[in-house]
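Working through the structure, step by step
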Amino acid sequence: MDSSFSLKTQDRPEVVGVIDIGSNSIKSLVARRDSAGFPQGIYEHAEETRLSGGISGNPPLISQQTIEAGISSIVSLLEGMERFQPERIQLVATSAVRDAANQELFAKAILQRTGQSLQILSGHDEALGIAAGLQSDPAFRHESELSVFDIGGGSLEHINFQSGKIAQAISTELGAVRMTQRFIQNPQNPIIEKEMHAIRKHTLEVLREAGVQPRITAKAVGTGGGFTITRRILAMRGVGKASGDSPIISVENLRGIFENLYPMLWNERSNLSGLPRTRADIYPAAIATLLALAEYLEVDRFYHSYYNLRYGIARLMMLGKPITDREDT
C-alpha cells in the first residue's frame, strides 16, 4: 500500500482531524491553524487498543478480534471528533500495521466501516511526520541542532536536525512491545538482570547498525509514550519545576524509576502513580531501552515534547504537503 498522502497543494484546511493507529493505542487529534500557521490542538483522545499482539509472529498478523477492537476504537474516535467539524480527516498507521501480513485486510475493513482510507506509513515517513510535529512545538521551533527520538510500541524513530534541516531520519525496531516480547520472558514477574542486559546490548547494537550518531552534542528531545509516561510519573512525584511538571527528564531520574520498577510484580507496577495499567507490562522494557539510548548518546537528560506524529500529520495537511519526500509521489 502506498504510504504517501495524496493531498493537493491548494488544499489547505483550517481545521483537521488525525487518527494515529499505533502499536499500543489509537489516538485522535483535532487541530486548528494558529496565527503563525501551526496546528493548535483543540481536542485529543485515546483508546487503548493494542494491535501489536502478533508483532513477533511468523508472519506478523493482526487477529480478527483485534481488527474488530481497532475498528470499534476508530469509530468511537471519529464520533468524538464530529462536533469540531474538521474539514479533512486523515487516518495513519505505524509499526504494528505496516509489519502485519494482513495489513490490506485491516485497511479494507476500516474503509468499509467508516468510509475513511488508511495511510500506512513507512518507518522513514513516520520519522518525517514526527519531525514535522516537533517543528510545530514553540519550544523547539527555532532550534537548529536537535537529535529527536520517538519511542512507541513497535518502533523507535530518530530524526537528526542540522542547521534547521533534517539531516537523518531513521526508524528502528526498538519499540516497547517488541522489546518486551523479545527479551522479557514473563512481564507479570520482576525483570531479571539477564533480561536487562539483553535489552541494553540489543539497543546499542541496533543504534550502531542504523547509523545513529553517538556522543551527540545537540539537544536530545524525546516524544512518544515512553517519554510521556515518564514525565507523568515524575510530575506525580513532584520532580522538576515547582509545579511538579518539567519537560526535562534526567537520566538520573530515568534510572531511579527503573530501579524502583524492575523488582516489582505487574500488579505492583500497575498501581504506580502516573503509569497506566495497560502499559505496566511493557514500560520496564521502554525504560531499559531509553537508558541504553542515553548511554549510546552520552547525554544526561532528554527534553520532552508533546508535539508528536499527529501534530506532524496535521501540520502537513494544513500545508497541503505529502508526508513523503520521495520525488515519485
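Here's what I pulled together on the structure shown here. (Residues numbered from 1 in each chain as written. Predicted model: local features only at pLDDT ≥ 70, side-chain atom pairs only at ≥ 80, totals over all residues. Heavy atoms only, no water.)

Quick notes on the overall build of the chain
Helix and strand counts for the chain come out as 11 helices and 11 strands. For the chain, the spread of C-alpha atoms along the three principal axes comes to 55 × 45 × 40 Å. By the burial criterion, 55% of the 329 residues in the chain qualify as buried. Here the contacts in the chain between residues at least 6 apart in sequence split such that 72% fall between residues at least 24 apart. Summing over all exposed atoms, the chain offers an accessible surface of approximately 14,400 Å²; the carbon and sulfur share of this is 46%. Across the chain, the 34 positively charged side chains and the 37 negatively charged ones have centroids separated by 2 Å. (Helix = DSSP H or I, 4+ residues; strand = E, 2+ residues; numbered from the N terminus. Buried < 20%, exposed > 50% of the residue type's maximum accessible area, 1.4 Å probe, protein only. Contact = heavy atoms within 4.5 Å. Areas by Shrake-Rupley, 256 points an atom, 1.4 Å probe, with all protein chains shown as cover. Lys, Arg positive; Asp, Glu negative; His and termini not counted. Charge placed at Lys NZ, Arg CZ, Asp CG, Glu CD.)

What about the pattern of salt bridges?
All told, the structure shown has 14 salt bridges when counted by the stated rule. Residue Arg 98 is joined to Glu 157 by a salt bridge in which the shortest nitrogen-to-oxygen separation is 3.6 Å. On the criterion of sequence distance, the pair formed by Arg 98 in helix α2 (residues 95-99) and Glu 157 in strand β7 (residues 156-162) is long-range, its members being 59 residues apart. In this pair, the class of Arg 98 matches that of Glu 157, namely buried. The closest approach of N and O atoms between Arg 200 and Glu 295, which form a salt bridge, is 2.6 Å. Here the residue Arg 200 occupies a position in helix α6 (residues 193-210), and Glu 295 occupies one in helix α10 (residues 283-297), the gap between them amounting to 95 residues. Where salt bridges share partners, they join Asp 20, Glu 44 and Arg 310 into one cluster. (Salt bridge = Lys/Arg side-chain N within 4 Å of Asp/Glu carboxyl O.)

Topic: the sheet that holds strand β3 (residues 39-47)
Taken in spatial order, the five strands make up an open sheet running β3-β2-β1-β4-β5, and their pairing is mixed. At either end of the open sheet lies a strand with only one pairing partner, and these are β3 and β5 (118-120). In this sheet, adjacent strand axes meet at a mean angle of 25° when their direction is disregarded. Sheet topology places strand β1 (residues 15-21) next to strand β4 (residues 88-93); six bridges connect them, and they run parallel. (Pairing = 2+ DSSP bridges. Axes fitted to C-alpha atoms, helices over the stretch in contact; angles between N-to-C directions.)

Re the pairing of strand β9 (residues 219-223)
Regular strands place their side chains on alternate faces of the sheet. Counting buried residues in β9 gives four out of five residues, a clear majority hidden from the surface. Sheet topology note: the β9/strand β11 (residues 301-304) ladder contains two bridges and is parallel. In the strand pairing of β11, Gly 222 is matched with His 304.

A few points about the nonpolar core
In terms of nonpolar packing, the biggest core is built from 48 residues, with Leu 275, Tyr 283, Leu 293, Leu 297 and Phe 302 touching the most fellow members. Secondary structure elements with two or more residues in this core: β6 (146-151), α5 (176-183), α6, α7 (225-236), α8 (251-261) and α10. The greatest single-element share of this core, amounting to 11 residues, is contributed by α10. With residues near it in sequence (within four places) discarded, Leu 275 still touches Ile 229, Ile 233, Leu 261, Arg 269, Ser 270, Ala 280 and Tyr 283. Residues Val 18, Leu 128, Ala 169 and Ala 314 belong to the second largest nonpolar core, which totals 27 residues. (Core = buried A, V, L, I, M, F, W, Y, C linked by side-chain atoms within 4.5 Å.)

Regarding unusual backbone geometry
Comment: phi is negative for the bulk of residues other than glycine, and the bulk of peptide bonds are trans. The backbone of Gln 85 sits at a positive phi, close to 50°, despite the residue not being glycine. Considering the arrangement of structural elements, one finds Gln 85 in the loop between α1 (64-81) and β4.

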